[in-house]
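# Residue-level structural notes
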Amino acid sequence: MTRKHIIPSLSLAALGLITACTEPPGDTELRQGLVVHSDIPYNDDVGGFRYTVTEVDCDSGQPVPGGVSETTTIGRDALYLPNGIPAFEGKPFDPESEHIFGDHYFLLPVGCYDVLSEPLKAASDEPSDSCYAAHARNVEVVDGLTTEITLISQCLGPGRGGLDVVTSLNHPPTLEDLTFEPSKFVSTCNGIEVCATATDLDGDPLEFAWKQTGGTKVARGPAVTSTTVNTDGTVTQCIVLQTGAVGDYEMEVTVYDLAYDEDGELVHIEDLLAAQGDPAPSHDDLRVPIHAGVECPITGNTVVMVLTLHGPNGKTLASADAKTLTKNAVDFVNPAGGTPKILLIHDYNNHDEDNADVAAIGADLKGLYGAANVTITEPTRIVRPEDVAGFDVVWFSNPGWPMGNISSLPTTFNTLLDFRGGGGGLILQGDDITQSSTPTLPLMETLTYMRFSNNGTNACGLGIDNWGDSAYDVSFASETHPLLTGLSGKSFKYNNDIDHSSAMMLGEQVLATGKVASGNCSVSTPALVAIDPLAITSTIP
């Protein structure tokens, strides 16, 4: 630093701003101590200053052992700088500035000094919380002159933050359409599909809620089977239920619009409004009547085969036995007594699994009853009432998958149910035939009189599927029954999965079982079931 040759005195002025000067700013001037007072409003907590001067070596800047060290505490001055004082205008402040300050005059031995100015809280020796200390280092005091320095103590300003308020308009969703399949007028055992379509003006995600609001509790459901975002931006959700008893029922559907909360979770916008302190509804709802006015009879016989009849040699029924079972089944369910008109339906939800089974069954049927009396459907769509009209027997086959899927229920289910209710003979065949494609709504129980548990790909720790090495031992009962003609007491290996299910014990007859035994584990599940309406005690299992 440039040393100034001045009288051995030091005059300090400390002002409220944050930087600390390490050298005297500007030119050093000869001045007397300044003592001035006034009232200037301020927002800090400073009531005075504590000055400390410490003698240091002029070359190294290190404290001088045993050197001068003085500390003094003063109140703040009441005027402000520069206050028209030429020595402080532009050195460093603008003439229009107004800075609160404090000042103290030290008379010191010649030498160099470090200077510390600490703003203090009013009526306290504690350092200020709002203004920082200021420093000057290695300030030289020389004989005969006063070294005058100005330190700047920076204070904290009042806290400021931006507030940008965005107000968005939200519109509630609207229910646009409602459909019933087959109708809101049904029999007690029909599956009823209700589909609601909604839209939202703002394009928000939607959530549907369904509940029963009238009538005795429905036997099954409601269960959501599909939710579809349509090409026009609307959303359609479908449920299926089964009433189970004659009466009037009412369902309510409510659609909510959704947005994300602070945790990133989709919630109802009306819940966000409530949390905001502005509770308001943002939903639409509709109550839907359903009338079950007809009991659901079982007039025709039913055969349930939880088997794929034709597969790799030695891994299912022998071809001759499969043909025998095919004839026994048709003759048992045939309501006419003569040559029946047979419809063989290859379910479209087959995933191309074991398609040869359906072809072989079709060939056996044509050989047994004449090609003119057998119609085989292509697996292209769901089954509707007009598809089964005019037939005596409907054989529904899906060798390795459950009936249909959520888009085909309950139409296919209702068609087969009503066909049997009208006296038609029904054969349900496939090793997953007791499953429902809507697991939470097991409609297939009403057709099969069996309660599904699992698909049987694992039994007693053995993986049994896709014609592998492990197998079920399937045995026909040793008794007299039209289905067992030529098969009674026989058994065979079945190297594919069989649904694990249990009979409802409502008059149905289990005529063949699939068994697996390994160690202390044993599993037995129905493989062939006959349902005779004369023996059934309930039409709604």
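Bear in mind that the values here come from a model prediction, so they are computed numbers and not experimental data.

Conventions adopted
Residues numbered from 1 in each chain as written. Predicted model: local features only at pLDDT ≥ 70, side-chain atom pairs only at ≥ 80, totals over all residues. Heavy atoms only, no water. Pairing = 2+ DSSP bridges. Helix = DSSP H or I, 4+ residues; strand = E, 2+ residues; numbered from the N terminus. Axes fitted to C-alpha atoms, helices over the stretch in contact; angles between N-to-C directions. Contact = heavy atoms within 4.5 Å. Left-handed = near helix turned anticlockwise from the far one by under 90°. Nonpolar A, V, L, I, M, F, W, Y, C, P; charged D, E, K, R; others polar. Expected span 1.5 Å × (residues − 1). Buried < 20%, exposed > 50% of the residue type's maximum accessible area, 1.4 Å probe, protein only. Polar contact = N/O pair within 3.5 Å; in protein donor to acceptor, adjacent residues only side chain to side chain. Salt bridge = Lys/Arg side-chain N within 4 Å of Asp/Glu carboxyl O. Lys, Arg positive; Asp, Glu negative; His and termini not counted. Patch = residues over 30% accessible without salt bridge, like charges linked within 9 Å, V, L, I, M, F, W, Y side chains within 5 Å. Areas by Shrake-Rupley, 256 points an atom, 1.4 Å probe, with all protein chains shown as cover. Charge placed at Lys NZ, Arg CZ, Asp CG, Glu CD. Phe/Tyr/Trp six-rings, centres within 6.5 Å; stacked < 30°, edge-to-face > 60°.

Quick look at the sheet that holds strand β3 (residues 69-75) now. Sheet strands associate in pairs through backbone hydrogen bonding, adopting either a parallel or an antiparallel arrangement. Spatial ordering of the open sheet is given by β3-β2-β6-β7, a layout of 4 strands whose pairing is antiparallel. With partners counted over all chains shown, the strands left at the sheet margins are β3 and β7 (134-141), one partner each. Taking each pair of neighbouring strands and ignoring which way they run, the sheet shows an average axis angle of 20 degrees. Note that strand β2 (residues 46-56) and β3 share 7 bridges and pair antiparallel. From the neighbouring strand, V53 faces β3, where its bridge partner is E70.

Quick look at the environment of P526 now. Position of P526 relative to the elements: it lies in strand β30 (residues 521-531). The spacing of P526 and V510 is 16 residues in sequence and 6.2 Å in space, taken between C-alpha atoms. With residues near it in sequence (within four places) discarded, P526 still touches V306, M450, I498, S501, A503, V510, A512 and T513.

The next subject is the packing of helix α2 (residues 319-333) against helix α3 (residues 355-369). Between α2 and α3, whose axes approach to 10 Å, the crossing angle comes to 65 degrees. In terms of crossing hand, the pair formed by α2 and α3 is right-handed. Contacts between α2 and α3 pair K323, T326, K327, V330 and D331 from the former with D364, L365, L368 and Y369 from the latter. Counted by class, the contact of α2 with α3 contains 4 nonpolar, 1 polar and 4 charged residues.

Bringing α3 into the picture now. Between its first and last C-alpha, α3 extends 21 Å over 15 residues, near the 21 Å set by a 1.5 Å rise per residue. Lining the buried residues of α3 we find α2, β19 (342-346), β20 (374-377), β21 (393-397) and β22 (425-429). Just downstream of α3, G370 is the residue with a positive phi angle, here 95 degrees.

So, on to the side chain of T525. Its place among the elements puts T525 in strand β30. Of the residues examined, T525 reaches a relative accessible area of 1% and is grouped as buried. Reaching out from T525, the side chain makes a polar contact with the backbone oxygen of D499 at a distance of 2.9 Å. Ignoring anything within four residues of it in the chain, the contact list for T525 reads I498, D499, H500, S501, A512, T513 and G514.

When charged atoms on two side chains of opposite charge get close, those side chains can pair. In the structure shown here, the tally under the stated rule is 12 salt bridges. Between E252 and K211 there is a salt bridge, and its shortest N-O distance comes to 3.8 Å. Placement of E252 in strand β15 (residues 247-260) and of K211 in strand β12 (residues 206-214) is noted, with a sequence separation of 41 residues between them. Judged by relative accessible area, K211 falls into the partly exposed class, the value being 47%. The partner of E445 in a salt bridge is R451, with the nearest N and O atoms 3.9 Å apart.

Right, let's get into the side chain of E508. Here E508 shows up in the loop between β28 (500-503) and β29 (509-518). We note that E508 is buried and unpaired, the nearest opposite charge coming from R451 at a distance of 8.6 Å. From its side chain, E508 meets the backbone nitrogen of M505 in a polar contact 2.3 Å long. There is a polar contact of 2.8 Å between the side chain of E508 and the backbone nitrogen of L506. In contact with E508, not counting residues within four places along its chain, are Y449, A503, V529, A530, I531 and I536.

A separate point is a negative patch on the surface. Together, E89, D94, E96 and E98 make up a region of like negative charge exposed at the surface. In this structure, E89 sits in the loop between β4 (80-82) and β5 (98-107). We classify E89 as partly exposed; its relative accessible area is 31%.

Another aspect to go through is the environment of T236. In this structure, T236 sits in strand β14 (residues 235-242). Filtering out sequence-adjacent residues up to four positions away, T236 remains in contact with C195, A196, T197, S226, T227, T228 and N230. Reaching out from T236, the side chain makes a polar contact with the side chain of T197 at a distance of 2.7 Å.

Right, let's get into the packing of aromatic side chains. Under the definition given, this model contains 4 aromatic pairs. Both rings, one in F49 and one in Y51, keep their centres 6.3 Å apart while their planes meet at 20 degrees; by these two values the pair is stacked. Residue classification places F49 among the buried residues on the basis of a relative accessible area of 4%. Under the relative-accessibility criterion, Y51 is labelled buried at 0%. Of the aromatic side chains, those joined through ring pairs into one cluster are F49, Y51 and F106.

Read across the open sheet, the 9 strands follow the order β20-β19-β21-β22-β18-β30-β29-β26-β27; overall the sheet is mixed. Edge positions in the sheet fall to β20 and β27 (491-494), since each of these pairs with one other strand and no more. Averaged over neighbouring strand pairs, the angle between their axes works out to 20 degrees when direction is ignored. As defined by bridge partners, β21 adjoins β22 across 5 bridges and the pair is classed as parallel.

Quick look at the pairing of β27 now. Because side chains alternate across β27, one face comprises the buried residues F492 and Y494, and the other comprises S491 and K493, none of which is buried. Bridge count for strand β26 (residues 472-476) against β27 is 4 bridges, and the pairing is antiparallel. Paired with Y472 across the two strands is Y494, which belongs to β27.

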